[in-house]
Amino acid sequence: MKSDLQRRRFLKATGIAGITGIAGCLGGEEGDEETDLSWHAGGTGGTYYPLSNEFKTIVDGNTDYSLTVQSTGASVENVGSLASGDADFALIQNDIAYFAKNGTGLDTFEGEAIESLMGLATLYPETITIVTQADSGIETLEDLEGARINTGDLGSGTQVNALQILQAVGIEEGDFEEENSDFESASDQIRNGDVDAAFVVGGWPVGAIEELATTTDINIVEVSGDTREAVKEQAQWFADDTIPAGTYEGVGDDVETVSVQAMIATHDGVEDDIVENVTAAIFDNVDDLTIKTDFISADSAQDGMSIELHPGAEAYFG
């Protein structure tokens, strides 16, 4: 994992310039700016990527635009893509959006506010899921001290949340062995015993965990009681959440945890009419969605919005 460690040090050292540079390297195909729009998602094993492709189907079918959906390291890198103009739209977490817009909260953004970042809509709770093998002996967050932990892809909101949660119970970066990868690779590491636990942030059910649970007996670590209160005190963005019994094979009880909020973001360089038309296409056709349908609606699309709305979105939502 040496290259991952070097990459994290690079991100920390270079701040937003670093993630903007990475975003530039990840850029999608160039095309007609009037019709071809770039949409950055997340890893293929999470919720961002399949949901983004459902948005693509809706937008392609109801507007004159064509979305190109790209798999990425998710929230923090997606902010870099939006800052550089490499992405027109992206899915990010509402806490990461606030940090980026205000130049605070994370070393990456400290003093480097992304003033061009604009909100479009919030979507659904992103549940923090801490997965282990059932026989790992890890029952609480405190048990993670000294463990090998996959905290999520480098530059992702998952990694940010994982480190915040661990710090809330007194576990600092030097107190455990950190691994970094996307959700699918993290699930493989759990299955193979290469890590003791993995943090996954996404709307349940997360595909990578569903697949893992079909071949491996898993446990999901609770974040509850005084521990949950400590986590929420550590970061105001966390809210109470519950993973219902039966969401994953072999997990027969409700699991208390915390969540943040997923949102669609854009930037002020995208024309107002484009943002309004894309927003209208999505929220006029939410019945065509099959993912997170209990949460995504025009009525709730501003709940938890943490940054200024793009004028095009404001025109739609009024």
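Cut-offs and rules
- Residues numbered from 1 in each chain as written.
- Predicted model: local features only at pLDDT ≥ 70, side-chain atom pairs only at ≥ 80, totals over all residues.
- Heavy atoms only, no water.
- Helix = DSSP H or I, 4+ residues; strand = E, 2+ residues; numbered from the N terminus.
- Buried < 20%, exposed > 50% of the residue type's maximum accessible area, 1.4 Å probe, protein only.
- Areas by Shrake-Rupley, 256 points an atom, 1.4 Å probe, with all protein chains shown as cover.
- Axes fitted to C-alpha atoms, helices over the stretch in contact; angles between N-to-C directions.
- Parallel < 35°, antiparallel > 145°, perpendicular 65-115°, else oblique.
- Left-handed = near helix turned anticlockwise from the far one by under 90°.
- Contact = heavy atoms within 4.5 Å.
- Nonpolar A, V, L, I, M, F, W, Y, C, P; charged D, E, K, R; others polar.
- Arc of directions from axis to C-beta.
- Phe/Tyr/Trp six-rings, centres within 6.5 Å; stacked < 30°, edge-to-face > 60°.
- pLDDT = per-residue confidence, 0-100.
- Core = buried A, V, L, I, M, F, W, Y, C linked by side-chain atoms within 4.5 Å.
- Expected span 1.5 Å × (residues − 1).

Draft legend 1. Summary view of the overall build of the protein chain. Secondary structure assignment for the protein chain yields 10 helices and 10 strands. Here the protein chain holds 318 residues, and 56% of them are scored as buried. Of the accessible surface of the protein chain, which amounts to about 12,800 Å², a share of 41% is contributed by carbon and sulfur atoms.

Draft legend 2. Representation of the packing of helix α5 (residues 157-168) against helix α8 (residues 225-234) in the model. In the contact formed by α5 and α8, the axes pass within 8 Å of each other and the chain directions differ by 120 degrees. The orientation of α5 with respect to α8, classified from their angle, is oblique. Crossing hand, α5 versus α8: right-handed. Contact residues: α5 offers Gln164, Ile165, Gln167 and Ala168, while α8 offers Ala230, Val231 and Gln234. Across the contact of α5 with α8, the residue classes break down as four nonpolar, three polar and no charged.

Draft legend 3. View of unusual backbone geometry. Look at the link from Trp204 to Pro205: it is a cis peptide, with omega at -5 degrees. Mapped onto the fold, Pro205 is located in the loop between β7 (197-202) and α7 (207-215). Here the phi dihedral of Ala74 falls at roughly 80 degrees; this positive angle occurs in a residue that is not glycine. In this structure, Ala74 sits in the loop between β2 (66-70) and α3 (75-84). By relative accessible area, which is 13% here, Ala74 ends up buried. One non-glycine residue, Lys292, adopts positive backbone phi at about 55 degrees. Checked against the element boundaries, Lys292 lands in the loop between α9 (272-283) and α10 (311-317). When its relative accessible area of 10% is taken as the criterion, Lys292 is described as buried.

Draft legend 4. A look at α7. Of all the residues in α7, the buried ones are Ala208, Ile209, Leu212 and Ala213. In a view along the axis of α7, the buried residues occupy a sector of 130 degrees, so they form one face of it. Across α7 from its buried face, at more than 90 degrees, point the exposed residues Glu211, Thr214 and Thr215. Its buried side turned inward, α7 meets β4 (117-133), α6 (183-192), β7 and β8 (218-220).

Draft legend 5. Looking closely at the packing of aromatic side chains. Taken as a whole and judged by the stated rule, the model has seven aromatic pairs. Measuring from ring centre to ring centre gives 5.4 Å for Phe283 and Phe317, while their planes differ by 70 degrees; the resulting arrangement is edge-to-face. Here the residue Phe283 occupies a position in helix α9, and Phe317 occupies one in helix α10, the gap between them amounting to 34 residues. You can call Phe317 partly exposed: its relative accessible area is 21%.

Draft legend 6. Representation of the packing of helix α4 (residues 94-102) against α5 in the model. Close contact between α4 and α5 brings their axes to 10 Å; oriented N to C, the two are set at 95 degrees. Between α4 and α5, the angle falls in the class roughly perpendicular. Along its contact with α4, which presents Asp95, Ile96 and Phe99, the element α5 presents Gly157, Val160, Asn161 and Gln164.

Draft legend 7. Quick look at the confidence of the model for the protein chain. Scored by pLDDT, the protein chain comes out at a mean of 90, with 89% of its residues at no less than 70. In this model, residues 1-14 is a region of pLDDT below 50 whose contacts with residues beyond four sequence positions or in other chains number 22 contacts. Every residue in residues 24-33 scores below 50 in pLDDT, and together they form 10 contacts with partners more than four places removed in sequence or on other chains.

Draft legend 8. Structural context of the nonpolar core. Grouped together as the largest cluster of nonpolar side chains are 79 residues, with contacts concentrated most on Trp39, Leu123 and Leu144. No other element matches β4, which puts seven residues into this core. In contact with Leu144, other than residues within four places in its own chain, are Ile130, Ile138, Ile149, Leu166, Ile171, Phe176, Ala197 and Phe199. In terms of nonpolar packing, the next biggest core, distinct from the first, is built from 18 residues, Ile190, Val200, Ala208 and Ile220 among them.

Draft legend 9. Highlighting α5. Helix length check: α5 (12 residues) gives 16 Å between terminal C-alpha atoms against 16 Å at 1.5 Å per residue, within 8%. A large share of α5 lies buried, amounting to 11 of its 12 residues. Of all the residues in α5, the buried ones are Gly157, Thr158, Gln159, Val160, Asn161, Ala162, Leu163, Gln164, Ile165, Leu166 and Ala168. Just downstream of α5 lies Gly170, where phi reads positive at about 85 degrees.

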